[in-house]
Amino acid sequence: MTAAESRFPSLGPLPWRGATKDSAIFGPGVVDDLVRGVDDHRGSSTNDYWRRLEPTPAAIGCVPYFSDRDVANALGKLGACCIVVDKRQQTDRAVRILDNIGTPISSAYLDGFEEISLPDERGRPHVIHPYGGMPDPVLLGPVRVAGWSRNESNRLLPQLHAKLLILGVTTYYENDEDFSGDIQRFHPHRVWLGSANWTHNARQHAEFGVWSTDADLMKHTYEYLLRLIEISEYLGSLTVGPTPELVPAEWDHEAFWEYVAEHSDEPDDD
């Protein structure tokens, strides 16, 4: 059954807030509208950026059920993405498609990930000391998982049930204040929130989807997705329960004090 053959009425997409990128849609056409939004972002989002800053359309998001190939192909054509799915859905075909054709986003672009990295081979976090700087960035995605893989006690387990997507642009700019190098950033442009899973069957259902460029809504959604990515795991994780793969770095404060004491009497070049 196609969306056009569905018994449920359809309404939209309808503009709201007077913004050209803000719209709402109701009924069976929500997933198709989501694909159109991703495609439009890929084609136009970098037009206002200088080419030398290497702007790239990107996305981060989450969804419990992801089996629609059109959504996977649209996201896979972006320059980078990280989509977190419920761990029990990680074998769905669309998930595998996106994992094969998509490009992971570097943690260097994400706010607050400067000190977050993979542990070493012994499971120890990166240590920041005077002779060793921040940890190396981590490639995240294009698909990651969170939650439980199975229920061993027949209890009702929490599920990653939010359907969220932020479309943005990754770029960098030169640090003119202290000349410490280029600063990489993910700039959110547009947020999508809806009831629909990213599945073919969702095209039959009475769903809703909303696109918004509201700054506060994007900020709150972005912060939540960053927290979700931080506790997520790599696609294919075999752990039963939540086992965050990323860990925060540790600062060796004692080493810094020793370094300062050792070099405090050195003459200033100025």
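Our subject is the structure listed above.
The rules behind these values
- Residues numbered from 1 in each chain as written.
- Predicted model: local features only at pLDDT ≥ 70, side-chain atom pairs only at ≥ 80, totals over all residues.
- Heavy atoms only, no water.
- 1 Å grid on protein atoms, 1.4 Å probe; cavity = no way out; pocket = protein on both sides within 12 Å on 5 of 7 lines; lining within 4 Å.
- Points joined across faces, edges and corners; volume = space filled by probe spheres on them.
- Helix = DSSP H or I, 4+ residues; strand = E, 2+ residues; numbered from the N terminus.
- Nonpolar A, V, L, I, M, F, W, Y, C, P; charged D, E, K, R; others polar.
- Salt bridge = Lys/Arg side-chain N within 4 Å of Asp/Glu carboxyl O.
- Buried < 20%, exposed > 50% of the residue type's maximum accessible area, 1.4 Å probe, protein only.
- Axes fitted to C-alpha atoms, helices over the stretch in contact; angles between N-to-C directions.
- Parallel < 35°, antiparallel > 145°, perpendicular 65-115°, else oblique.
- Left-handed = near helix turned anticlockwise from the far one by under 90°.
- Contact = heavy atoms within 4.5 Å.
- Patch = residues over 30% accessible without salt bridge, like charges linked within 9 Å, V, L, I, M, F, W, Y side chains within 5 Å.
- Areas by Shrake-Rupley, 256 points an atom, 1.4 Å probe, with all protein chains shown as cover.
- Pairing = 2+ DSSP bridges.

S.K.: Break down the layout of surface pockets for me, with residues and values.
M.R.: Considered as a void within the structure, the second largest pocket measures approximately 240 Å³ in volume. If you trace the second largest pocket, you find 16 residues lining it, with Ala146, Gly147, Leu160, Leu228 and Ile231 closest to the centre. Per-element accounting of the lining of the second largest pocket gives the leading share, three residues, to helix α4 (residues 215-230). Class assignment of the residues belonging to the lining of the second largest pocket gives a composition of eleven nonpolar, three polar and two charged.

S.K.: Give me the lowdown on the pattern of salt bridges, citing residues and values where you can.
M.R.: All chains considered together, the criterion is met by 13 salt bridges. Residue arginine 144 is joined to glutamate 245 by a salt bridge in which the shortest nitrogen-to-oxygen separation is 2.8 Å. Placement of arginine 144 in strand β9 (residues 143-146) and of glutamate 245 in the loop between β13 (233-234) and β14 (247-248) is noted, with a sequence separation of 101 residues between them. Linking lysine 219 and glutamate 223 is a salt bridge whose minimum nitrogen-to-oxygen distance equals 2.8 Å. With lysine 219 and glutamate 223 both in helix α4 and four residues apart, the pair spans about one turn of that helix. Classification of lysine 219 as partly exposed rests on a relative accessible area of 43%. In the salt-bridge network here, residues are joined through shared partners; they are Asp32, Asp68, Asp70 and Arg203.

S.K.: Can you lay out the packing of helix α2 (residues 69-76) against helix α3 (residues 93-101) for me, pointing to particular residues and giving the numbers?
M.R.: For the pair α2 and α3, the least separation of the axes is 9 Å and the interaxial angle reads 15°. As summarised for this structure, α2 and α3 are arranged roughly parallel, according to the angle between their axes. Here the hand of the crossing between α2 and α3 comes out right-handed. Here Arg69, Ala72, Asn73, Leu75 and Gly76 of α2 come into contact with α3, specifically with Arg93, Ala94, Ile97, Leu98 and Ile101. Split by residue class, the contact of α2 with α3 holds six nonpolar, two polar and two charged.

S.K.: Explain a nonpolar patch on the surface to me, using residue names and the numbers behind them.
M.R.: Residues Leu11, Leu14, Phe26 and Phe208 make up a contiguous nonpolar surface patch of roughly 340 Å² in combined accessible area. Counting through the fold element by element, leucine 14 comes out in strand β1 (residues 11-15).

S.K.: Outline the sheet that holds strand β4 (residues 80-86), listing residues and values.
M.R.: A sheet is described by the order of its strands in space; here nine strands give the open sequence β1-β2-β12-β11-β10-β3-β4-β9-β13, paired in mixed fashion. Strand pairing shows two members of the sheet lacking a second neighbour, β1 and β13, which therefore form its edges. Sheet topology note: the strand β10 (residues 164-174)/strand β11 (residues 182-194) ladder contains eleven bridges and is antiparallel. Bridge pairing links tyrosine 173 to isoleucine 183 in β11.

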